[in-house]
Amino acid sequence: MSQTPRVQRLRQQSLDAVESLSSERAELMTEFYRQQGNRLVSTPVQRALAFQYLMEHKTVCINDGELIVGEKGPVPKAAPTFPELCCHSLSDLDILDSREKTTFKVSEHTRQAYENTVIPFWEGRSMRDLIFQEMTPAWKAAYEAGIFTEFMEQRAPGHTVADDKIYRLGMLDFQTQIESRLASLDFLHDPQAYARQEELKAMHIAAGALIRFGERHAEKARQLSGQESDPQRRAELEQIAEVCAWVPANAPRSFWEALQYY
């Protein structure tokens, strides 16, 4: 199957991009949880608010020639980190930067951010640290011997649920369903009603955060279109803005919108 010039350029851009470690997410999560202080909210709601903070503040990246937009980091092939799960040490960063296979380049900014901000805040607070505090000496000895490993030390969490709900419903539709479930909770007879309420509230916040992330891409595309001198690319950026203003808030109406939603 032949490739269009656009696909050839984008493929080459991807091949030429250098894998790197980005501290942006780690810094944003540190900012958020530091601001929380002693605020009393349930764990699901707190995590949803953290996600909302990330979607509002992370860099919006639209690369030259793209029609489907969105990056997990601030630039292509920049891997975010998850200090709330397992906080990298400076030694970890050195290994990632220098190992022969699957290298992730670590900038001086990232190293300084970890040394001065991320590690001091998350030491003793990360999920890994909290779990290890509860484990027995025998378990720790087996772990140190390499009998088993801990999943989150090696990779970021992330799974794709690709059933067809996201092609039939937008996040506004999900929020409507969540509101209906919230209204039907039976606090008198269901001992799990409060837990269900907090999970549903968190889901509602997360859906809204995704809508806002789409809106931010639409805003960025409009900004870039106003600066674009090439008529074809200007029209593409305007279309990207229209698509991102529609999904994920609403169900996709076209193949382009479905791909962007996904």
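A look at the overall build of the protein chain
- Looking only at helices and strands, one finds 12 helices and three strands in the protein chain.
- Expressed as lengths along the three principal axes of its C-alpha atoms, the size of the protein chain is roughly 65 × 60 × 35 Å.
- Every one of the 262 residues in the protein chain was classed for burial, and the buried ones make up 36%.
- Where the 30 positive side-chain charges of the protein chain centre and where its 38 negative ones centre are 2 Å apart.

A closer look at the nonpolar core
- Among the nonpolar cores identified, the biggest contains 24 residues, and L21, M29, F32, Y33, Y114 and W122 are the most heavily contacted of them.
- Secondary-structure elements contributing two or more residues to this core are α2 (24-36), α3 (43-57), α4 (90-98), α5 (108-122) and α10 (193-227).
- Considering every element that reaches this core, the biggest residue donor is α3, with six residues.
- When neighbours within four sequence positions are excluded, L21 is seen to be in contact with A79, T81, H88, L93, L96, F104, K105, V106 and T110.

Details of helix α9 (residues 171-183)
- The end-to-end C-alpha separation of α9 is 18 Å, in line with the 18 Å expected for 13 residues at 1.5 Å each.
- For α9, the complete set of buried residues consists of M171, F174, Q175 and I178. Projected down its long axis, α9 shows its buried positions confined to an angular sector of 100 degrees, all on one face.
- Check the buried side of α9 and you find it contacts α8 (165-168), α10 and α12 (255-261).

Here's the deal with the state of the cysteines
- Scanning the entire structure with this criterion turns up zero disulfides.
- Among the cysteines around C61, which has no disulfide bond, C244 carries the closest sulfur, lying 13 Å off.

Things to note about the packing of aromatic side chains
- As enumerated under the stated definition, the model contains nine aromatic pairs in all.
- With a centroid separation of 5.1 Å and an interplanar angle of 90 degrees, the aromatic rings of F132 and Y143 are classed as edge-to-face. With F132 in helix α6 (residues 127-134) and Y143 in helix α7 (residues 137-144), this residue pair connects regions lying 11 residues apart in the sequence.
- On the basis of relative accessibility, which here comes to 13%, the residue F132 falls in the buried class.
- Taking the centre distance of 5.1 Å and the plane angle of 55 degrees together, the rings of W139 and F148 count as tilted.
- Given the relative accessible area of 23%, W139 is considered partly exposed.
- Assessed through its relative accessible area of 31%, F148 is described here as partly exposed.
- The cationic tip of R125 hangs over the ring face of F121; the distance from NZ or CZ to the ring centre is 4.2 Å.
- Positioned above the aromatic ring of W246, the side-chain terminus of R253 is 3.8 Å from the ring centre.

Each value, and the rule that gives it
- Residues numbered from 1 in each chain as written.
- Predicted model: local features only at pLDDT ≥ 70, side-chain atom pairs only at ≥ 80, totals over all residues.
- Heavy atoms only, no water.
- Helix = DSSP H or I, 4+ residues; strand = E, 2+ residues; numbered from the N terminus.
- Buried < 20%, exposed > 50% of the residue type's maximum accessible area, 1.4 Å probe, protein only.
- Lys, Arg positive; Asp, Glu negative; His and termini not counted.
- Charge placed at Lys NZ, Arg CZ, Asp CG, Glu CD.
- Core = buried A, V, L, I, M, F, W, Y, C linked by side-chain atoms within 4.5 Å.
- Contact = heavy atoms within 4.5 Å.
- Expected span 1.5 Å × (residues − 1).
- Arc of directions from axis to C-beta.
- Disulfide = S-S within 2.5 Å.
- Phe/Tyr/Trp six-rings, centres within 6.5 Å; stacked < 30°, edge-to-face > 60°.
- Lys NZ or Arg CZ within 6 Å of the ring centre and 35° of its normal.

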